[in-house]
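Listed below are the residues making up each chain.
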Amino acid sequence: MKVTVLANYASHAAKGLMQGSDRQAAVKALFESVGGKMTGLMFTRGAYDAVVNGEVPDQAAGMGIALAVRGGSLSDFVILEELDMKAVLAAANKAAGAYKPAG
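Parameters at a glance
- In this convention, every chain numbers its residues from 1, walking through the sequence in written order.
- Under the rules for a predicted model, residues below a pLDDT of 70 receive no local features and side-chain atom pairs below 80 are neither given nor counted, while totals for whole chains, interfaces and linings still include all residues.
- Side-chain calculation: all heavy atoms of the structure are included, whereas hydrogens and water are not.
- Any pair of N or O atoms that falls within 3.5 Å is considered a polar contact. Within protein, one atom must be able to donate a hydrogen and the other to accept it, and sequence-neighbouring residues count only if both atoms are side-chain atoms.
- Numbering of helices and strands runs from the N terminus; a helix is a DSSP stretch of H or I covering at least four residues, while a strand is a stretch of E covering at least two.
- By convention a nonpolar core is built from buried Ala, Val, Leu, Ile, Met, Phe, Trp, Tyr and Cys residues, the set being connected through side-chain atoms within 4.5 Å.
- Exposure classes here rest on a 1.4 Å probe applied to the protein chains alone. A residue is buried below 20% of its type maximum, exposed above 50%, and partly exposed in between.
- Whether two residues are in contact is decided by their heavy atoms, any of which lying within 4.5 Å being enough.
- Note on pairing: DSSP must find at least two bridges between two strands before they are called paired.
- Where helices are involved, their axes are fitted lines through C-alpha atoms of the stretch in contact, as for all axes, and angles between N-to-C directions lie from 0 to 180°.

Peer 1: Is there a simple way to explain helix H2 (residues 23-33) in this structure?
Peer 2: Three- or four-residue spacings in an α-helix give side chains the same orientation, since the helix completes a turn every 3.6 residues. N-cap assignment for H2: the residue whose side-chain oxygen lies 3.3 Å from the backbone N of Gln24 is Asp22. Looking one or two residues beyond H2, the residue adopting positive phi is Gly35, at roughly 80°.

Now the structure itself:
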């Protein structure tokens, strides 16, 4: 499953970056620890400090990454999962046929 991570560093972590912390190696190891693969890391200017693209075996692995990193160095963390839109639309059409709105 492909994922995109959007993250902001907490102020104390930004100091670590300035002192030379190798975040590419750390993020690569993080993904590999759950059986995944980091495919790209970009430091950005704007709403987020970093954007990471990668692959994880399943939702549990993605959530495991999220829980592991939320506890300290990041002030904001969003993990976006790639969806199979054909499957989503098929489910949406089934649900829409079964749903009866109030009123």
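Next comes the rest of the description.
Peer 1: Whenever I open this one, the nonpolar core confuses me. Can you help?
Peer 2: Soluble globular proteins tend to pack their nonpolar side chains together in the buried interior. Among the nonpolar cores identified, the biggest contains 17 residues, and Phe31, Val52, Val56, Leu74 and Phe77 are the most heavily contacted of them. Elements with a minimum of two residues in this core: strand E1 (2-9), H2, strand E3 (50-55), helix H3 (59-70) and strand E4 (74-81). Not counting chain neighbours up to four residues away, the residues in contact with Phe77 comprise Val5, Leu6, Ala7, Ile65, Ala66, Val69 and Arg70.

Peer 1: Mind showing me how you'd approach the environment of Ser75 here?
Peer 2: With respect to the element layout, Ser75 can be found in strand E4. Taking relative accessible area as the criterion, Ser75 reaches 55% and is therefore assigned exposed. Measuring from C-alpha to C-alpha, the distance between Ser75 and Arg45 comes to 16 Å, with 30 residues separating the pair along the chain. When neighbours within four sequence positions are excluded, Ser75 is seen to be in contact with Asn8, Tyr9 and Ala10.

Peer 1: Would you explain the pairing of E3 in this entry?
Peer 2: A regular strand places its side chains so that they alternate between the two faces of the sheet. Strand direction decides the pairing type here: E1 and E3, joined by 6 bridges, are antiparallel. What sits directly across from Val5, in E3, is Val52. Where strand E2 (residues 37-43) meets E3, 6 bridges bridge the pair, whose relative direction is antiparallel. Residue pairing for E3: Phe43 is matched across the bridge by Ala50. Taking the residues that link successive antiparallel strands as the turn, the E2-E3 hairpin has 6 residues, and the phi of Gly46 there is positive, at about 135°.

Peer 1: I'm lost on the sheet that holds E4 in this one. Help?
Peer 2: Sheet strands pair via backbone hydrogen bonds, and the direction of the pair is either parallel or antiparallel. Pairing is antiparallel in the open sheet, where 4 strands are placed in the order E2-E3-E1-E4. Every interior strand has two partners, whereas the edge strands, E2 and E4, have only one. Adjacent strand axes in the sheet meet at a mean angle of 15°, parallel and antiparallel pairs treated alike.

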